[in-house]
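Close look at the chain arrangement
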Amino acid sequence: MTPKPQLRHVSLAAALLAAAIGAAHAQEAQQLERIEITGSSIKRVANEGALPVQLITQEEIKASGANNVADLIQRIPAMGGNLTVGDVSIGSNSGGIATASIHGVGESYTLVLLNGRRIAPTGSGSRINLNSIPMSAIERIEVLTDGASALYGSDAIAGVVNFVLKKNVQGGNLTANYSNPAGAGGTAYNISATYGLGDLQRDGFNVVATYRRDEQKQMKSGDRKFSSTAYLPFSFNGKNYAYDRTSTSADPANAAVVFKRLDGETTTLPAYSFNPYRMANNGQCAPNNVYSLGNTIPANSNAKAGTAQCAFDFVSTIDVYPESTRDSLFVTGELKINDKVKLFSDAAYSRLDLTARIAPNPVPIAIAANSPLFTKYVAPYLTPTQLAHVDTVTANYRATDFGTRNSQTITDAKHFVVGADAEVGAWSVTGALTWSQNALDEKYVGGYFKAKEFGDILANGALDPFVPSGNQSASTQQLIKDSIYHGTIREASTTLKGADMRASGEIFQLPAGPVQLGVGADFRNYHYKQTPSADAVAGVIYNFAANPRYDMERDNVGAFAEFVIPVIKNLELTAALRYDSISKIKDAINKRDFGKTESATTYKLSASYKPTKTVVLRGSYGTGFKAPDMLDIAQPLVTNGVTASQYDCPFPGDGSGAAPCKPGKAQYTQLSGGNENLKPEKSKQATLGIRFDPTRNFGASLDYWQIDLRDAVSAVSANQAFADPQQYSSLFTTYKLPAETNAYYAFMSMSTNIGKSKYRGLDWQLDGRLNIEGLGRLTTTVNGTYMIEAQYTKPGTANDFTDSLGKYGVDAQVIFRNTAQARFALETGNATNALTVKYRSGYTDILQTVRDLQTGQNVKIQLNVPNYITFDYQGTYRYNKALEFRLGIQNLTNETPPFTLRDSSGHQVGYDPRYASPLGRTVYVTGSYNF
C-alpha cells in the first residue's frame, strides 16, 4: 500500500534531521577522503577543485545492492528523468539499452567514459549503453555535474560519467549474489571472479582479469496486480473512472467494413466496425476483451454506423521486466619499461542477451465478400443496404494462438586500448590508441510468422479469426506451429577508432605558485552500419517492413589547451579552450556525403577560492556544443513501428471512416527520417558552489548550475501532432504496410532544430560521521538535486516555451522537482548495518482521456502522481579479511510504483517503468572471498 503523503514528508525530514544530528555531535576522526577527479587534464583534488564532482566508491557500489551498472547510475539523485531504462525494451525495440542523463538534460548530452576515454555508442549518435560496462571491474565512478565540452568535445554539455577500472590488483576475489523479489518472477543472480598478478612497483608489471556472469529472470504482467491489465478502473476526486489502453486488434477479431458508392450515388455510407462474437453472444465480449471505451456506438445501441468493437487486453500477455543474461570480461595490463615510461593496455568485452516479450501479433486479414467467413460472421449483421455497398472487409485480429511476440537482442560490446605514460623532463605525457565497437543482432524467436506459411493458412481457410483463441482445429494448430518465424531480422554496429595524446606540466612560476599547462589532441572515426537480414528483405516475415541498410561514417578531430593559474594565495583560476572539426557524413550506400563539415570552438573558465581552511568557493562558466546524430541528418524516411497511443483520424474528411482513416481511435503507422539542414546544438553553462568542512567529521556542499541550449535537436511528438493536425499537416502522409489492404494516414517524426532549452538547479550534499560509545561509528550521507527550471520551446516552434518540471511534458518526459537520497551506516566491529532512503517528488500527470463510469461519457482528467519514497537495508559481516557476507532488502515497505496514465516508453500500463521498478520488496544475499 502506498504511504500517505504525510508519511513521505516525515520520512524525508527524519533523514535530514539525522544528518544534522551527526554534524552537531561530530568527533575528531579521519579526514574526509580526497581523490583525483574527472574534468581536467591536470590532476585535481575533489574538495579543493573548481568542479562539482560526485564520487561513488567501490564500497558504495557494494552497499547499493544494485545488480547492474545501469541500476546503480540511475539511482543517483543528479540523474534526471530524461533517460532510457532496460524495462522499456518491452515494446520499444531498444534491445535493453540503459543510459545516463545528468540533471535530466538528456542521455545524448551526458558523456560516458571508460578510464577517461570514449567508448563506442549505440546507434549513430552518442548514447552509451551502461550495460556494456563491466561492473566487477569498477574501482570507482566519478560523476562531473558540469559541462565539459572545452576538454572532451561534443556530447559533454550536461556532464561526464567516468568509470575508473581496477588496476595493480594483487590476489583474487570470488563473489556471488542472489536476489529474489517478494512476488513471482524477477529473480536474479551473478557470480564474478577477479585475479591480479604482479606488483607494478616491485615486479615492474601487473595484469588484472575479471569475469562476471549475470542472469535475470523475466517478470510477467500478471505477477503484480498493478501491472496486469490495460483496462484500469480508478477513483479520482470522489468519482469513478476507467482508463482504457486496450487494443481493437482483438481476440476474436473485430470486423471493419468500408462501403463504396454505386453508380449515380453522391454520398458514401459511413464505415461500420463491430465484433461478431459479441453480436452472437448477447452483447458480451470474449474473455480478456472489453467493450472499447473508444467506441462511438453505445453498448446498448443497435446502430450500424461507427464503431462497436471489443478491445483486447494486450497487457495481460506481456512481460513487464525482461529476461536477460550478461557475460563480461575485463583484462588490463601495465608494464614498467623504466622509471620514466610505462605501457598499458585495457581489453573489455561484454555480451547482453535480452529477450522482450510483447502481446501477440495484431494482424489485419482481408475477408472476401464471397467467402464463408463473410457469410457466417459479417453478412448477418449488415443491413440490406450495407450488403449492397460492401467495398472491403478487414478482420482486425490478435493472433493469440501464435503466442507472444518474442524478440531476442544480443549486444556485444568490445573495447581495446593500448598506450603509454611517460615522464619527459617536467612533463607528464600520455597517449593511446582505441578500438571500440557496440554491435547487436536482433532476432525474432516467437510469435512472428512466415509470410508464405501464414498466407497459405489464410488462403485455404484453415484459420478462423472470429473465434476465441484455443478453438482452432488440431490441424490448424500444427500449421500455426510450422508458421512461426525464427531468425535474425537485422544486425547493426557502431565502431569507434581513435587516437589521443595529452601532456601536462609547469610552465613558469608566479608568486602564488606554478602555472600549469595541459595540452592534448585527439582523433575519432565513427562508423555506423545496419544490415537487414536476407529474410527481412525477401519478405519472408509476414507484414514486416525490412529495416533500412546503413553504412555511414564521419571523423572528429580536436585539440585543447588548459591552464591552471594561481592568482593569489588560495585563489586558483582554470581556463580551457578546445577546437573541434566534425566531417560530413559519408554514406557508402547512397554513395554521397550528407550535411557539411562543422567546426566549433568552446571554452571554459573556472575558479576555486579558499577563504579559510574549511571553506572552498568554486564556480565556472563555459560553452559547449553537440553534433547531431548521423541518422538525424542522413536517415531516409523509414517505418518506425506505430504510435504509442490510439488517436482519432487526423483528417476525417466526410466522416465516413473510410481509408486513409482507421475506424474509431486507432494506432497509426509512424515513420522517421533525417534532416540534412540540421545544425550543431550549442550551449552556455555555469556553476557556482561552496564546499564547507567545519570539522574533520562533517562536510557540506551546495552547487548552483545552469545550462542554456540553443538549436536543440528534437521532433514533434505524436501527441502534439494528433492534437493539432492542421498545424502539423506537413508531418502526415499515407502509408500501406505489406498486409494492409489500404493505405492509411501515417505520422512522420522528423528531426529539427527546435530553438532553446533552459535548465537550472541546485545539487547539495551533507556528510557526517559520529562515534557512538558502545555502538560504533555512524556515517551519514544525504544528497539531492533541486530543479529550479526545466523548460524548452515546443518542437515545431521558435519561442513557444513549455516545460517538464514537476509534470509530464509534451516530450513524454518528467523532470522531478526534488530527488534525494540518504544513507545511514552504523559500523560495529566486524558488522555494518545500513539504511538507505530514496525520494522522488510527485508530479502532474499527462492530460488523459478516460471514461466517467457514472455518466458514460469520455472526459479529460489530469492526475497528481504522488511522491515516491523507498527504504533499502543492508547488513554486512566481515568474518575476516578474506570472507565477507551481505544481506539486503530493497524496497523494505514493498512500495508499488505510483499510478500514472502515461502512454509512452514501453508497453507497461498504469505505472512508468522509467521512474519506478515493478519488482517490489527484494531480498538479496552476497558472499565474497578474497585470496
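All values reported here derive from a predicted model rather than from experimental measurement. (Residues numbered from 1 in each chain as written. Predicted model: local features only at pLDDT ≥ 70, side-chain atom pairs only at ≥ 80, totals over all residues. Heavy atoms only, no water.)

**Comments concerning the overall build of the chain**
- When helices and strands are tallied, the chain shows 13 helices and 51 strands.
- Its C-alpha radius of gyration of 30 Å places the chain within 12% of the 30 Å reference for a compact globule of 931 residues.
- Overall size of the chain, expressed as C-alpha extent along the three principal axes, is 100 × 65 × 50 Å.
- Counting over 931 residues, the chain shows a buried share of 56%. (Helix = DSSP H or I, 4+ residues; strand = E, 2+ residues; numbered from the N terminus. Rg over C-alpha atoms; globule rule 2.2 N^0.38 Å. Buried < 20%, exposed > 50% of the residue type's maximum accessible area, 1.4 Å probe, protein only.)

**Focus: the sheet that holds strand β11 (residues 239-244)**
- The four strands lie next to each other as β10-β11-β46-β47, forming an open sheet whose pairing is antiparallel. Two strands close off the open sheet at either side, each with one partner strand: β10 (231-236) and β47 (858-861). Each strand of the sheet is rotated relative to its neighbour by a mean of 45°, with strand direction disregarded.
- Sheet topology places strand β46 (residues 848-852) next to β47; four bridges connect them, and they run antiparallel. Each residue of the ladder has a partner; that of Gln848, found in β47, is Ile861. (Pairing = 2+ DSSP bridges. Axes fitted to C-alpha atoms, helices over the stretch in contact; angles between N-to-C directions.)

**Examining unusual backbone geometry**
- For the peptide bond that leads from Asp251 to Pro252, omega is 5°, which places it in the cis range.
- Turning to its location among the elements, Pro252 is positioned in the loop between β11 and β12 (254-259).
- The step from Ala659 to Pro660 runs through a cis peptide bond, and the omega angle for that step is 15°.
- Note on placement: Pro660 falls in the loop between β32 (638-642) and β33 (669-673).

**Thoughts on the confidence of the model for the chain**
- This prediction gives the chain a mean pLDDT of 90; 95% of its residues lie at or above 70.
- Below pLDDT 50 for its whole length, residues 1-36 participates in 66 contacts with residues either more than four positions away or in separate chains. (pLDDT = per-residue confidence, 0-100. Contact = heavy atoms within 4.5 Å.)

**What about the pattern of salt bridges?**
- Tallied over the full model, the rule gives 43 salt bridges.
- As a salt-bridge pair, Arg490 and Glu442 come within 2.6 Å of each other at their nearest N and O atoms. Linking Arg490 in strand β24 (residues 487-510) with Glu442 in strand β23 (residues 427-446), this pair joins segments that are 48 residues apart in sequence. Each member of the pair, Arg490 as well as Glu442, is classed as buried.
- We note a salt bridge from Asp580 to Arg578, for which the minimum N-O separation is 2.6 Å. Each member of the pair, Asp580 as well as Arg578, carries the same accessibility label: buried. (Salt bridge = Lys/Arg side-chain N within 4 Å of Asp/Glu carboxyl O.)

**A few points about the packing of aromatic side chains**
- One pass over the full model with this rule turns up 27 aromatic pairs.
- Consider the rings of Phe402 and Phe454, whose centres lie 5.6 Å apart with planes at 70°: the pair is edge-to-face. Here Phe402 is found in the loop between β21 (390-398) and β22 (405-424), whereas its partner Phe454 is found in helix α9 (residues 451-459), with 52 residues between them in sequence.
- A relative accessible area of 0% places Phe454 in the buried class.
- A ring pair is formed by Phe732 and Phe747, whose centres lie 6.0 Å apart and whose planes are at 55°; its orientation type is tilted. (Phe/Tyr/Trp six-rings, centres within 6.5 Å; stacked < 30°, edge-to-face > 60°.)

**Side note on the state of the cysteines**
- Under the counting rule described, the total for this entry stands at two disulfides.
- What pairs with Cys285 in a disulfide is Cys310, and their sulfur atoms sit 2.0 Å apart. The sign of the -85° torsion about the S-S bond sets the Cys285-Cys310 disulfide as left-handed. Of this pair, Cys285 sits in the loop between α6 (276-280) and β14 (289-291) while Cys310 is found in strand β16 (residues 310-312), placing the two residues 25 residues apart along the sequence.
- Owing to a relative accessible area of 17%, Cys285 belongs among the buried residues under this scheme.
- Overall, the relative accessible area of 1% leaves Cys310 in the buried class.
- Put simply, Cys649 and Cys661 are joined by a disulfide, and their sulfur atoms are 2.0 Å apart. The chirality of the disulfide connecting Cys649 with Cys661 is left-handed, given an S-S dihedral of about -65°. Here Cys661 lies in the loop between β32 and β33 and Cys649 lies in the loop between β32 and β33, a separation of 12 residues in the sequence. For the pair shown, Cys649 and Cys661 are each scored as buried. (Disulfide = S-S within 2.5 Å.)

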